[in-house]
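# Structure assessment
The chain contents come next:
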Amino acid sequence: MKSDFFDYLPDGKKFAFWDCETSFRKTYYVSKAPNAADHNPGTAEAPFATISRAAAVLEPGGKVIIGGGIYDEFVRPARGGTDPANMISYEAAPGERVVLTGAKPYKGAWVTPRGWRTHGLGKYYNLRDGYDRDAKIYEGNFERDDFDKINPFAMVNCASQAFGGCEFWFHYTPNEADWQPFLKRRGLLFCDGEALTQVNYINQLSQLAGSYWVEDSGYKFFVRLKDDSDPSGHVISYTCRDQLFAPLLPYTAYVRVKGLEFEKVGNGCPGSQKGALSSFCGHHWIIEDCKVSWANGTGIDIGHESPMRHSNGVSGGTIVRRNHVSYCGVCGIAGLPGTPMGNESILLEYNTLENNCWHDIEFNWESGAIKVHGVRNSLIRFNTVKDNGYGPCIWTDYNNKNERICGNVVIGGKSCIMGGIFVEASDVDNLVDHNIVWGIHGNPLGTLPQRTSGGGHGIYEHDSDFLRVERNILLEMEGAGVFLNYGDPIRVCNGHGPIGQGHRITENIIAGCGRAYVMPTEKNFADGNIIGDTGHPAPIQIERVHVLYEMMDTRSARMFHEWEKKGKCCGITYSLDKDKMKLQMVFTVDDKQLVRDYDLAKPVDLQPVFDFLEGLDTSRYETRSPF
């Protein structure tokens, strides 16, 4: 494998790399030092006190160095740069922790609720079979000046403008109870830094310790701590704003944000993609070495914010690398293009995303640790996604062209109607290769709207043609290792709906999955895959619109479709150390074994496995008795 192997796109051309080339001509300083003040000149000796002050005066070719501390502000850059040689940069001082927070400590009084039905079971919606009669519940009250322009507790999660025909998402959810996540408030509450869980009905507080409920106005709220203690003995903090960094004007370009931390915002659910850190429709940003945590909706957005926006200007070109994004309720990294160019030449690499998508709101069809639209001539590579909640881990949506998703590690998906890696509604060559996907669980409701046989797949597509799936390791999927779905014929992309043709599944390693792979029609290609035990006697299948047409083992697929001429079946065992990011796999053919230890922090080379199996007779592993 050549050193630049992962630099190339599906069409064989090298990705259009770029980077900051600015020799900064002016540097400002921001500090928490006692002498810092916004009327200062912003020098190292006389620094500004706020990042916002620097954001107001920075010009192309200038940067700000920000000293360590917690900054309680929403930064609105007044302008961006003009090209790679004339960028504007926001940087943490070397070795110092710079935190922009959207939370404040609650300073109001706590009282005992009067006249509220805080304890008991409801007629329809209960979190537990019983409740704690002795639960201690306290009432707090916000004031209008407790918030920065908007009150997230007065706004529900439901998007005012949804996206892609999902405006009336209630019809997707079969039970009224499934609407509840959409109707929760956007505001988050924390006790001594630990998040509390929001409930929809006040009596549910007595059913769940460590919870809160918000009254209609968004100003009166009720809490029950985990140990039923008095909140006055704790630091209770709340989200007072919905964003922390976004340009004053849309389409601001050539901005670098480096080494900053963003935490605790009460933003909403997509449609509207307003991240804690947002490029606000801008292009050619560099977001690197940052941390983003505890956004109710989206952590980082690099798109056009709203499906109601449109521009014929430049789009894309953004680099998002080496960031850590965690505990974002719906999307960790999101990008919704508002131009015909789509997200052109974006680079998402070496990011770590953990514990995102914790809102059970997948039926909004915008949940994903990484969820970007219209990805063109782009690389999504070497990212690690762990312990995702409700939704795909990496999802590229609609009219993607010449994108490559490669070298990523996906470990753990709690509930996924689709798959760990998902490519949607695209009809040209896209490539998903050299990824490792482990442990994606299904959603029993997944059969309803998209007919994905319950979900929980490793790599998934629908409404697409010509997807290449090559040299991935796919283990422990509740669904299929690869599920290529016929999709919805009315999803027109480039002049036609999906026809279920042109897909290629080659040289993947698949074991411990409900099925190995599923094709939408016979007019596709598969070869060279290594299949271990899947728990199904016929793990290769053709299915569309939730109807099974063929079920085959490897021998049958070779016989009837000329698939798997070089495919192999063998014994495969494996173990994963998620914390150390180590995977061991053992490949067995009769008395011969190959043990491979993979460091998941590095790209995995599968060639030794193919070399080991070359020439070995594995035919006895191909047909599995159902008895």
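Note that the structure is a prediction, hence the values are computed from the model and not measured. (Residues numbered from 1 in each chain as written. Predicted model: local features only at pLDDT ≥ 70, side-chain atom pairs only at ≥ 80, totals over all residues. Heavy atoms only, no water.)

A count of helices and strands for the protein gives four helices and 51 strands. The globule rule puts the C-alpha radius of gyration for 627 residues at 25 Å, and the 26 Å found for the protein is close to it. Dimensions of the protein along its principal axes, counting C-alpha atoms only, are 75 × 65 × 50 Å. Taken across its 627 residues, the protein has 61% of its residues classed as buried. At a minimum sequence separation of 6, the contacts of the protein that also span at least 24 residues come to 73%. (Helix = DSSP H or I, 4+ residues; strand = E, 2+ residues; numbered from the N terminus. Rg over C-alpha atoms; globule rule 2.2 N^0.38 Å. Buried < 20%, exposed > 50% of the residue type's maximum accessible area, 1.4 Å probe, protein only. Contact = heavy atoms within 4.5 Å.)

Here we come to unusual backbone geometry. Residue Gly 271 is bonded to the preceding Pro 270 through a cis peptide linkage, with omega at 0°. Mapped onto the secondary structure, Gly 271 falls in the loop between strand 16 (260–265) and strand 17 (277–278). You will see that His 284, though not glycine, has its phi angle at about 55°, which is positive. By secondary structure assignment, the location of His 284 is in the loop between strand 17 and strand 18 (286–288). The class for His 284 is buried, based on a relative accessible area of 17%. Within the chain, Tyr 398 stands out as a residue other than glycine whose phi angle is a positive 70°. The topology assignment puts Tyr 398 in the loop between strand 31 (394–397) and strand 32 (404–406).

A few words on the pattern of salt bridges. What the rule picks out here adds up to 35 salt bridges. Arg 224 is the salt-bridge partner of Asp 228, the closest N and O atoms lying 2.8 Å from each other. Exposure remark for Arg 224: the relative accessible area of 5% places this residue in the buried category. Because the salt bridges share partners, they merge into one network encompassing Asp 19, Lys 258, Glu 288, Asp 289, Arg 321 and Arg 322. (Salt bridge = Lys/Arg side-chain N within 4 Å of Asp/Glu carboxyl O.)

On to helix 3 (residues 554–561), then. When helix 3 is considered as a whole, its buried residues turn out to be Thr 554, Ser 556, Ala 557 and His 561. Viewed end-on, helix 3 has its buried residues packed into an arc of 160°, placing them on one side of the element. If you follow the buried residues of helix 3, they end up packed against strand 45 (530–531), strand 46 (540–544), strand 47 (547–552) and strand 48 (568–569). Following helix 3 by one or two positions, Glu 562 has its phi on the positive side, about 60°. (Arc of directions from axis to C-beta.)

Glancing now at the layout of surface pockets. Computed from the structure, the largest pocket encloses a volume of approximately 950 Å³. Lining the largest pocket are 40 residues, with Lys 184, Trp 358, His 359, Asp 360 and Tyr 390 positioned closest to its centre. Of all the elements in the fold, those that place two or more residues in the lining of the largest pocket are helix 2 (180–183), strand 9 (189–191), strand 11 (197–198), strand 30 (384–390) and strand 33 (409–415). If one sorts the elements of the lining of the largest pocket by residue count, strand 30 sits on top with four residues. (1 Å grid on protein atoms, 1.4 Å probe; cavity = no way out; pocket = protein on both sides within 12 Å on 5 of 7 lines; lining within 4 Å. Points joined across faces, edges and corners; volume = space filled by probe spheres on them.)

Moving on to the sheet that holds strand 11. Strand order in this open sheet of five strands is 7-8-13-12-11, and the pairing throughout is mixed. In this open sheet, the two edge strands, each paired with only one partner strand, are strand 7 (110–111) and strand 11. Summarising the sheet, strand 7 and strand 8 (residues 138–141) pair through two bridges and their orientation is antiparallel. Paired with Val 111 across the bridge in strand 8 is Glu 139. (Pairing = 2+ DSSP bridges.)

So, on to the sheet that holds strand 34 (residues 419–424). Sheets are built from strands paired through backbone hydrogen bonds, the pairs being either parallel or antiparallel. Pairing within the open sheet is mixed, and its eleven strands lie in the order 17-20-23-27-31-34-37-40-43-46-47. Single-partner strands in this sheet number two, and they are strand 17 and strand 47. With five bridges joining them, strand 46 and strand 47 adopt antiparallel strand pairing. Directly across from Glu 543, in strand 47, lies its bridge partner Leu 548. Its contacts with the sheet place helix 3 against strand 46 and strand 47, and it is angled at close to 105° to strand 47. (Axes fitted to C-alpha atoms, helices over the stretch in contact; angles between N-to-C directions.)

What follows concerns the confidence of the model for the protein. Scored by pLDDT, the protein has a mean of 94; 96% of the residues are at 70 or more. Per-element confidence in the protein is highest for strand 22 (residues 324–326), whose mean pLDDT is 99, and lowest for helix 2, whose mean pLDDT is 88. (pLDDT = per-residue confidence, 0-100.)

Now for the pairing of strand 40 (residues 480–485). The buried fraction of strand 40 amounts to six of the six residues, a majority that puts the element mostly inside the structure. The sheet contact formed by strand 37 (residues 457–462) and strand 40 spans four bridges and is parallel. Paired with Ile 459 across the bridge in strand 40 is Val 482. Here strand 40 runs beside strand 43 (residues 515–519); their pairing, made up of three bridges, is parallel. Paired with Val 482 across the strands is Tyr 517, a residue of strand 43.

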